[in-house]
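Commentary on secondary and tertiary structure
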Amino acid sequence: MANIKSAEKKIRVINKKTMVNKMAKSEIKTYIKKFEVAVAEGDYAKASDLLKVIDRKLSRAAHKNLLHKNNAARKMSRLQKMLNNVA
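Just so it is clear, the structure is predicted and the values come from calculations on it, not from any experiment.

Observations concerning unusual backbone geometry
The residue asparagine 65 is not glycine, and still its phi comes out positive at about 65°. What makes asparagine 65 exposed here is its relative accessible area of 67%.

Shown next as structure tokens:
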């Protein structure tokens, strides 16, 4: 454990940022699961709306370096491909 006050503060700040990042990633995963359920049910309209939300969330995460930009692009591409197969 850190003995210096600035190091203790840095640990607290890092823990807060870690929680925020985990929540953001978890939110994206939840939307992706909802999207996959909508695709499995064949609900094109709902899946299309969810895809727009996921696109915004993935782009934002990539911009904030939560995800690598290629990782976000790959996920978006695969989801779009799933939606196209429903239509």
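Here we look at a positive patch on the surface
A contiguous patch of positive charge on the surface is contributed by Lys5, Lys9, Arg12 and Lys16. Among the residues examined, lysine 9 registers a relative accessible area of 49% and is labelled partly exposed.

Considerations on helix α1 (residues 5–41)
With 37 residues, α1 should cover 54 Å at 1.5 Å per step; its first-to-last C-alpha distance of 55 Å lies within 8% of that length. For α1, the full list of buried residues reads Ile28, Ile32, Phe35, Ala38 and Val39. Residue glycine 42 follows α1 closely and has a positive phi angle near 85°.

Considerations on the packing of helix α2 (residues 44–63) against helix α3 (residues 69–86)
Contact geometry of α2 with α3 gives a least axis separation of 9 Å together with a crossing angle of 175°. If you check the angle between α2 and α3, you find them roughly antiparallel. Only Lys69, Ala72, Lys75, Met76, Leu79, Gln80, Leu83 and Val86 of α3 make contact with α2, whose side of the interface consists of Tyr44, Ala47, Ser48, Leu51, Ile54, Asp55, Leu58 and Ala62. Counted by class, the contact of α2 with α3 contains eleven nonpolar, two polar and three charged residues.

Comments concerning the environment of arginine 60
When you line up the elements, arginine 60 lands in helix α2. Residue arginine 60 is classed as partly exposed on the basis of its relative accessible area, which comes to 49%. Along the chain, arginine 60 and methionine 23 lie 37 residues apart, while their C-alpha atoms are 14 Å from each other.

With respect to the nonpolar core
Within the largest apolar cluster, 18 residues are counted, with the highest numbers of intra-cluster contacts made by Phe35, Ala47, Leu51, Ile54, Leu58 and Leu79. At the level of secondary structure, the elements contributing two or more residues to this core comprise α1, α2 and α3. Here this core gets seven residues from one element, more than from any other, and that element is α2.

Some thoughts on the pattern of salt bridges
Between side chains of opposite charge, pairing is possible as soon as their charged atoms come close. Scanning the model with the defined rule gives one salt bridge in all. Two residues, lysine 57 and glutamate 27, come together in a salt bridge whose shortest N-O distance is 3.3 Å. Taken together, the positions of lysine 57 in helix α2 and glutamate 27 in helix α1 put the pair 30 residues apart, joining distant regions of the chain. Given a relative accessible area of 27%, lysine 57 falls into the partly exposed group.

Conventions adopted
- Residues numbered from 1 in each chain as written.
- Predicted model: local features only at pLDDT ≥ 70, side-chain atom pairs only at ≥ 80, totals over all residues.
- Heavy atoms only, no water.
- Buried < 20%, exposed > 50% of the residue type's maximum accessible area, 1.4 Å probe, protein only.
- Patch = residues over 30% accessible without salt bridge, like charges linked within 9 Å, V, L, I, M, F, W, Y side chains within 5 Å.
- Areas by Shrake-Rupley, 256 points an atom, 1.4 Å probe, with all protein chains shown as cover.
- Salt bridge = Lys/Arg side-chain N within 4 Å of Asp/Glu carboxyl O.
- Lys, Arg positive; Asp, Glu negative; His and termini not counted.
- Charge placed at Lys NZ, Arg CZ, Asp CG, Glu CD.
- Helix = DSSP H or I, 4+ residues; strand = E, 2+ residues; numbered from the N terminus.
- Expected span 1.5 Å × (residues − 1).
- Axes fitted to C-alpha atoms, helices over the stretch in contact; angles between N-to-C directions.
- Parallel < 35°, antiparallel > 145°, perpendicular 65-115°, else oblique.
- Contact = heavy atoms within 4.5 Å.
- Nonpolar A, V, L, I, M, F, W, Y, C, P; charged D, E, K, R; others polar.
- Core = buried A, V, L, I, M, F, W, Y, C linked by side-chain atoms within 4.5 Å.

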